[in-house]
Amino acid sequence: MEIEGHYYLGKILKPIGLDGHLLMFLDVDDASNYQNLDAIFASIGGNLIPFLIEEINLRPGKQAQVKFQDIDSIDQTDLLTGASVYLPIAALPGLGENQFYYHEIIGFNVIDKNFGELGEIEKVLDYPLQALLQVMHGDKEILIPVADEIISKVDKQQRVIHIDAPEGLIEMYLE
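Just so you know, these numbers come straight off a predicted model, no measurement behind them.

1. As for the overall build of the chain
- Tallying secondary structure elements over the chain gives 2 helices and 13 strands in all.
- The C-alpha atoms of the chain give a radius of gyration of 20 Å, which is well past the 16 Å a tight globule of 175 residues would have.
- C-alpha atoms of the chain, sized along the principal axes, occupy 60 × 30 × 25 Å.
- Counting the 175 residues in the chain, one finds 37% classified as buried.
- Taking the contacts inside the chain whose residues are at least 6 apart along the sequence as the reference set, 53% of them involve residues at least 24 apart.
- Side chains of the chain give 11 positive and 29 negative charges; the mean places of these two sets differ by 2 Å.

2. Description of the sheet that holds strand β11 (residues 140-145)
- Spatially, the 6 strands line up as an open sheet ordered β11-β10-β9-β8-β13-β12, and their pairing is mixed. Edge positions in the sheet fall to β11 and β12 (151-155), since each has one partner strand and no second. Along the sheet, successive strands turn relative to each other by an average axial angle of 35°, direction set aside.
- Judged from the 4 bridges that link them, β12 and strand β13 (residues 160-163) form a sheet pairing that is antiparallel. Each bridged residue has a counterpart across the sheet, and for Val154 the counterpart in β13 is Ile161.

3. Considering the nonpolar core
- Within the largest apolar cluster, 24 residues are counted, with the highest numbers of intra-cluster contacts made by Leu9, Leu26, Tyr34, Leu37, Ile40, Phe68 and Leu80.
- When contributions to this core are tallied by element, the ones reaching two or more residues are β2 (6-16), β3 (21-26), β4 (39-44), β5 (47-59), β6 (63-68) and β7 (84-88).
- Sequence-distant contacts of Leu37, that is, excluding residues within four places in its chain, are made with Leu9, Ile53, Ile56 and Leu87.

4. Comments concerning the pattern of salt bridges
- Summed over all chains, the structure comprises 3 salt bridges.
- Taking the shortest distance from any N to any O, the salt bridge between Asp72 and Lys67 comes out at 2.9 Å.
- Ionic pairing is found between Lys113 and Asp164, a salt bridge with its closest N-O pair at 3.9 Å. Linking Lys113 in the loop between β8 (109-112) and β9 (116-126) with Asp164 in the loop between β13 and α2 (169-174), this pair joins segments that are 51 residues apart in sequence.

5. Re the environment of Ala31
- Note on placement: Ala31 falls in the loop between β3 and β4.
- If sequence neighbours within four positions are ignored, Ala31 has contacts with Leu26, Leu58 and Lys62.

6. Topic: the side chain of Ser84
- By the secondary structure assignment, Ser84 is in strand β7.
- The residues contacting Ser84, other than those within four sequence positions of it, are Tyr8, Gly10, Lys11, Phe41, Ala42 and Ser43.

7. Side note on a negative patch on the surface
- Taken together, Asp19, Glu54, Glu55 and Asp70 make up a surface patch of like negative charges.
- Mapping Asp19 onto the fold places it in the loop between β2 and β3.
- Residue class for Asp19 comes out partly exposed when judged on its relative accessible area of 41%.

8. With respect to the packing of aromatic side chains
- Applying the stated criterion to the full structure yields 3 aromatic pairs.
- A ring pair is formed by Tyr8 and Tyr86, whose centres lie 5.8 Å apart and whose planes are at 70°; its orientation type is edge-to-face. Residue Tyr8 is found in strand β2, and its partner Tyr86 is found in strand β7; the two are separated by 78 residues along the sequence.

9. Re the pairing of β4
- For β4 and β5, the ladder comprises 6 bridges, and the chain directions are antiparallel. The partner of Ser43 across the bridge, within β5, is Leu48.
- If you look at the hairpin formed by β4 and β5, you'll find 2 residues sitting between the two strands, and Gly45 has a positive phi there, around 60°.
- As judged from the 2 bridges shared by β4 and β7, these two strands associate in the antiparallel manner. Of the residues in β7, the one forming a bridge with Ala42 is Val85.

What counts, and at which threshold
Residues numbered from 1 in each chain as written. Predicted model: local features only at pLDDT ≥ 70, side-chain atom pairs only at ≥ 80, totals over all residues. Heavy atoms only, no water. Helix = DSSP H or I, 4+ residues; strand = E, 2+ residues; numbered from the N terminus. Rg over C-alpha atoms; globule rule 2.2 N^0.38 Å. Buried < 20%, exposed > 50% of the residue type's maximum accessible area, 1.4 Å probe, protein only. Contact = heavy atoms within 4.5 Å. Lys, Arg positive; Asp, Glu negative; His and termini not counted. Charge placed at Lys NZ, Arg CZ, Asp CG, Glu CD. Pairing = 2+ DSSP bridges. Axes fitted to C-alpha atoms, helices over the stretch in contact; angles between N-to-C directions. Core = buried A, V, L, I, M, F, W, Y, C linked by side-chain atoms within 4.5 Å. Salt bridge = Lys/Arg side-chain N within 4 Å of Asp/Glu carboxyl O. Patch = residues over 30% accessible without salt bridge, like charges linked within 9 Å, V, L, I, M, F, W, Y side chains within 5 Å. Areas by Shrake-Rupley, 256 points an atom, 1.4 Å probe, with all protein chains shown as cover. Phe/Tyr/Trp six-rings, centres within 6.5 Å; stacked < 30°, edge-to-face > 60°.

Okay, structure coming up:
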């Protein structure tokens, strides 16, 4: 989920205590990348509202206890409960050579080791158990699992992803 120039970080789950602390779920791979956040944007009434963070403490299960500036009562925290939380795309942590964010690979060409050029990535389908690259090969859709065993190289300069698809995967979609 993306709101122009921002990416989905998580959701405010519930108040903790009566003094303005909140429990927030971080929908990220590594929550430790977010232990020094200064601010977030909460989606309230269809608008992104900035909130400065006074204190943040990571908890197990990709959760964090947060205290925002000027939020000091249970009534104020109730207004934030359930709100989706966003950060600017520029705040995304850096990645390694073969790593990528889903939004940045849309339009990349996919080349299979055995089959050759498959087509462009139309979108990334982010399902709970497995993300899939949706690649259009002419008028045929090919779904490729996002897995280290399949993706052999990501060339961000050339906008190409090289894969080594398991035997039969590509053929299954083209028959």
